Amino acid sequence: MSWTKVLAVEALSPGARQVVKVGNRKILVLNHENQLYAVDNNCPHLKLPLKNGKITESGAIVCTFHRSAFDLRTGEVQGWCAWPPGVGKVLSLVSQQKALPVFPIRVEEGSIWVDVQEE
């Protein structure tokens, strides 16, 4: 594991999100309700980007493409391939249900650091 400085704290105001590259990974760093999170930017279903995913009241990010939902804190699946209706069940067979990788995050000396293990 390796801590990497990715952004200045002021670059991520509440509600903001940004994709950063750490090694070979694209990490989505977001500020949701003044809490920082770092998750893999690729949905585990079909590896599509999560950057524009909606954040639910329960603190999950929802993939804009197939509406799979993942807890921002743990990466646990809260919903798998809920869309499109009727086709979602077939799409869920394309890839087994998997958690979203989440990464430890800290703020130090005005910078946001993420601990990412290479694949």
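Residues numbered from 1 in each chain as written. Predicted model: local features only at pLDDT ≥ 70, side-chain atom pairs only at ≥ 80, totals over all residues. Heavy atoms only, no water.

The name given to the protein chain in an unreviewed UniProt entry is Rieske (2Fe-2S) protein, with Nostoc flagelliforme FACHB-838 as the source organism.

Colleague: Even after reading the chapter, I still don't get the sheet that holds strand S4 (residues 35-40), so can you show me in this structure?
Modeller: The strands making up a sheet are joined through hydrogen bonds of the backbone, oriented either antiparallel or parallel. Across the sheet, three strands lie side by side as S2-S3-S4; this open sheet has antiparallel pairing. Strands at the two margins of the open sheet, each flanked by one partner only, are strand S2 (17-22) and S4. Adjacent strand axes in the sheet meet at a mean angle of 25°, parallel and antiparallel pairs treated alike. Direction of pairing for S2 relative to strand S3 (residues 25-32): antiparallel, over a ladder of six bridges. Bridging across to S3, Val 22 finds its partner in Arg 25. (Pairing = 2+ DSSP bridges. Helix = DSSP H or I, 4+ residues; strand = E, 2+ residues; numbered from the N terminus. Axes fitted to C-alpha atoms, helices over the stretch in contact; angles between N-to-C directions.)

Colleague: What is the right way to look at the sheet that holds strand S9 (residues 105-108) in this model?
Modeller: Taken in spatial order, the three strands line up as S1-S10-S9 in an open sheet, and their pairing is antiparallel. Either end of the sheet is taken by a strand with one partner, and the two such strands are strand S1 (2-8) and S9. When the angles between neighbouring strand axes are averaged without regard to direction, this sheet yields 35°. The sheet contact formed by S9 and strand S10 (residues 111-116) spans four bridges and is antiparallel. Across the sheet, Ile 105 pairs through a bridge with Val 114, a residue of S10.

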